[in-house]
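# Secondary and tertiary structure notes
Okay, here's what each chain looks like letter by letter:
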Amino acid sequence: MTTKLVFTACFLLLLLNGGHHVEARRHRERRKDYMLFVLGDSFVDAGNLPRSAKSKASRGWYYPYGSSDSAHGNAATGRLSDGLVQSDFLAKMLGYDESPPRYSPNEVDTSGVNFATSFSGVLNGPEEEPALGRQVDQLRRLVNRRIIGDDDLDESVALVSVSSGHDYSHVSDSTSAEQMDAYIGRVTDAVADAVRRLQDLGVPTILVNSLPPIGCTPWRSRISGYARCNARGNDIATAHNEQLRRKLGGLDGVLLLDLYAAFGGVARSMSSSTPCCDTSDPNAYCGQEDSSGRAQYTVCANPDRHLYWDYLNPTQAGWNAVMDQLRGPILRVLGHPILVISDELLY
C-alpha cells in the first residue's frame, strides 16, 4: 500500500468515526504473535475432560452441547456450551481461530496450551481434576523441560478463570459471615499465588477473571423461576472480587477482567437468568435422557438470545457479547496500536 493510500485510509476512517480512535486488527494469518496459556474451569475449558459415557460430568461431549458451533460442524467438542467458550474468543483476539489445544506433557502447539478442566476450582475441586495450582505445575514442567522456551514466554499471555463458582458451590446459609470472609480470603490468596507463580515463570501478561454475579446463574435463581437473583450468591461474588482487586491491583501486567459488570450488562439485553437448555427436574442435567432415551431437557429455539446455555455456563452468543464488552481493556493491556492499516480491517 503506498503512502498516499495509507494516508487516505486513515483519513476516511477518522472521518467516518467522528475523529475518534478506531480499533482494527491485522489479517488473521499475520497476527500470531502471542502464545496463549489457558488455566481454570469450564468457562475456558475447550474439551480437556476425556470423552466417556454420558453423565453430568461428560455431558459436553454429547448433544445438545455444540449445537450452535458451526466452526466444528455443530457437534459437541467437550465444551460446556452450545458452541465456543471464553478462551476461544480471546484466542480470536490474538489472531487464532480457537483456543489452543489441550495440555500434553511432551509437546506444545505454536498457539499455546489449554490446561483448563471443567469442575476445577482453587480449593474445592475433585482430586482427579487439575485445580489451578496443579495446572500451573503443568506449565512449569513444560518450561523446565524447555518444551516452552524463553522466546515463547516473552510473547505469552495467560488467561486465568476460576469463575464458574465451583469453590463456592458448597456454601450454605448457615455459613457465618466470619467463616465466609475467611474462606474467600483463602480462595483469593490462592488465585493471587497462581498469578505470581505465572509471573515468576516469565509470563508477562496475565488476564484474571473476576467472579460474575453467581447469584444470577440459573442454578441459584431457579427457585424463583429465574425471576430473581440470589442475594447471598451475589454478595459472595462482590466480596471475592473486592479481595481479588486488592491482591492483584498493584501487579504489573495483570488485568482483572470484570465479569461481574460484563455479565450484568449482557443479561439486560439477553434473557437474564433463563437458560436455553433447561430441565424440569432440578437434579437432571442438560442432555440427560431416561432409560428409554427420552430427553429430560428442553432446548430453546433461539440460543443466540440467551446469556446462559445450561444452569451455569454461557452460550456461545453470551460469551461473544461478554468478550465484546471486555475487548477494549484486553487490547489495551496487550499494547495493541489503536489503528493498524492492512489488507483486512476486522473492527
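Scope of this entry: the structure provided in the associated data block. (Residues numbered from 1 in each chain as written. Predicted model: local features only at pLDDT ≥ 70, side-chain atom pairs only at ≥ 80, totals over all residues. Heavy atoms only, no water.)

Quick look at the packing of helix α2 (residues 86-93) against helix α9 (residues 316-333) now. Here α2 crosses α9 at 45 degrees, and the two axes come no closer than 9 Å. As summarised for this structure, α2 and α9 are arranged oblique, according to the angle between their axes. You can see that α2 and α9 cross each other, and the crossing is right-handed. In contact with Gln86, Phe89, Leu90 and Met93 of α2, α9 contributes Gln316, Trp319, Asn320, Met323, Arg327 and Ile330. Residue classes in the contact of α2 with α9 are distributed as six nonpolar, three polar and one charged. (Axes fitted to C-alpha atoms, helices over the stretch in contact; angles between N-to-C directions. Helix = DSSP H or I, 4+ residues; strand = E, 2+ residues; numbered from the N terminus. Parallel < 35°, antiparallel > 145°, perpendicular 65-115°, else oblique. Left-handed = near helix turned anticlockwise from the far one by under 90°. Contact = heavy atoms within 4.5 Å. Nonpolar A, V, L, I, M, F, W, Y, C, P; charged D, E, K, R; others polar.)

Empty space within the largest pocket amounts to approximately 500 Å³. Put simply, the parts of the chain that give the lining of the largest pocket at least two residues each are α6 (218-221) and β6 (277-278). Considering each element in turn, the lining of the largest pocket owes the most residues, three residues, to α6. When its residues are assigned to classes, the lining of the largest pocket shows 14 nonpolar, nine polar and six charged. What the second largest pocket holds in volume is close to 240 Å³. Every residue along the wall of the second largest pocket is listed here: Ser169, Val171, Ser172, Asp173, Trp219, Arg220, Ile223, Asn230, Arg232 and Ile236. The set of elements that each furnish at least two residues to the lining of the second largest pocket consists of α6 and α7 (231-248). Split into classes, the residues belonging to the lining of the second largest pocket amount to four nonpolar, three polar and three charged. (1 Å grid on protein atoms, 1.4 Å probe; cavity = no way out; pocket = protein on both sides within 12 Å on 5 of 7 lines; lining within 4 Å. Points joined across faces, edges and corners; volume = space filled by probe spheres on them.)

Attention shifts here to the sheet that holds strand β4 (residues 205-209). As summarised here, the arrangement of the five strands in space is β2-β1-β3-β4-β5, forming an open sheet in which the pairing is parallel. Where the open sheet ends on each side, the last strands, each with one partner, are β2 (112-114) and β5 (254-257). Each adjacent strand pair in this sheet contributes to an overall mean axis angle of 15 degrees, direction not counted. Sheet topology places strand β3 (residues 156-161) next to β4; four bridges connect them, and they run parallel. Its bridge partner lying in β4, leucine 159 is registered against leucine 207. Its contacts with the sheet put α7 on β4 and β5, and the angle it makes with β5 is roughly 170 degrees. (Pairing = 2+ DSSP bridges.)

Function cannot be read off these values alone, since they describe shape.
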